[in-house]
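Spelled out, the chains give:
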Amino acid sequence: MRNFFYLESGYLILALVILLVTFFVTTRPFMGKGAVKKGMISVSTILAVLIGAHFWITTKRMAEVREAFDRGDKIICESRMIRQGAQSIILSKELGWKLKGDYFVSDAFSRPFFTARCLVYEK
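Residues numbered from 1 in each chain as written. Predicted model: local features only at pLDDT ≥ 70, side-chain atom pairs only at ≥ 80, totals over all residues. Heavy atoms only, no water.

**Some details on the overall build of the protein chain**
- Counting secondary structure elements, the protein chain contains two helices and six strands.
- The C-alpha radius of gyration computed for the protein chain amounts to 20 Å, which surpasses the reference 14 Å derived for 123 residues by more than 25%, pointing to a less compact arrangement than a globule.
- With the C-alpha coordinates aligned to their principal axes, the bounding extent of the protein chain is approximately 65 × 30 × 25 Å.
- Taken across its 123 residues, the protein chain has 26% of its residues classed as buried.
- A separation of at least 24 residues holds for 53% of the contacts in the protein chain among residues at least 6 apart in sequence.
- Accessible surface, the protein chain as shown: approximately 8,600 Å² in total, 64% of it carbon and sulfur.
- With 18 positive and 10 negative side-chain charges, the protein chain shows a spacing of 12 Å between the two charge centroids. (Helix = DSSP H or I, 4+ residues; strand = E, 2+ residues; numbered from the N terminus. Rg over C-alpha atoms; globule rule 2.2 N^0.38 Å. Buried < 20%, exposed > 50% of the residue type's maximum accessible area, 1.4 Å probe, protein only. Contact = heavy atoms within 4.5 Å. Areas by Shrake-Rupley, 256 points an atom, 1.4 Å probe, with all protein chains shown as cover. Lys, Arg positive; Asp, Glu negative; His and termini not counted. Charge placed at Lys NZ, Arg CZ, Asp CG, Glu CD.)

In structure tokens form, the structure reads like this:
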């Protein structure tokens, strides 16, 4: 649960904006009686389910990546540092990478990689 706000902060802000728009639209004079209550409940329920599903899928993938790395499998991570050509990097224990918390770190590489931005490399 410690990563929830870190992983979902962008989606939570977007959900807040959507709820504000929903509130604005449902309070207009042309909307029927009870539209605010129905609109806010239905939209907030849908947003909560979508954000919860995204968090569950992401944390499940993070666990799979950690387990695969511990087994010695190769992991592919998105590199936002390199913007041309290959935008990903393949890492493994045999290449000198270590797992510290939720980050892959290496003495030979200048920045860590967050496990949420990685996948198990299957070739």
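**Some thoughts on the state of the cysteines**
- Tallied over the full model, the rule gives one disulfide.
- Note that Cys77 is cross-linked by a disulfide to Cys118, the S-S spacing being 1.9 Å. Linking Cys77 and Cys118, the disulfide has an S-S dihedral of approximately 105 degrees and is accordingly described as right-handed. Of this pair, Cys77 sits in strand β1 (residues 75-78) while Cys118 sits in strand β6 (residues 118-120), and the two are 41 residues apart along the sequence.
- Assessed through its relative accessible area of 1%, Cys118 is described here as buried. (Disulfide = S-S within 2.5 Å.)

**Observations regarding a nonpolar patch on the surface**
- Taken together, Ile13, Val17, Val21, Phe24, Val25, Phe30 and Met31 make up a surface patch of nonpolar side chains, about 680 Å² in accessible area.
- Following the sequence through the fold, Val17 ends up in helix α1 (residues 4-26). (Patch = residues over 30% accessible without salt bridge, like charges linked within 9 Å, V, L, I, M, F, W, Y side chains within 5 Å. Salt bridge = Lys/Arg side-chain N within 4 Å of Asp/Glu carboxyl O.)

**Concerning the pairing of β1**
- Burial along β1 is one-sided: Ile75 and Cys77 are buried, and none of Ile76 and Glu78, which face the opposite way, are.
- Direction of pairing for β1 relative to strand β2 (residues 88-91): antiparallel, over a ladder of four bridges. Opposite Cys77, over in β2, you have Ile89 as the bridge partner.
- In this sheet, β6 lies alongside β1 in antiparallel orientation, the contact comprising three bridges. Counted as the bridge partner of Ile75 is Val120 from β6. (Pairing = 2+ DSSP bridges.)

**Quick notes on the sheet that holds strand β4 (residues 103-105)**
- Strand order in this open sheet of three strands is β3-β4-β5, and the pairing throughout is antiparallel. The sheet is open, and its two edges are formed by β3 (98-100) and β5 (113-114), each paired on a single side.
- The pairing of β4 with β5 spans two bridges and is classified as antiparallel. When the sheet's bridge partners are listed, Tyr103 is paired in β5 with Phe114.
- Against the sheet, helix α2 (residues 35-71) touches β3, β4 and β5, its axis set at about 140 degrees to β3. (Axes fitted to C-alpha atoms, helices over the stretch in contact; angles between N-to-C directions.)

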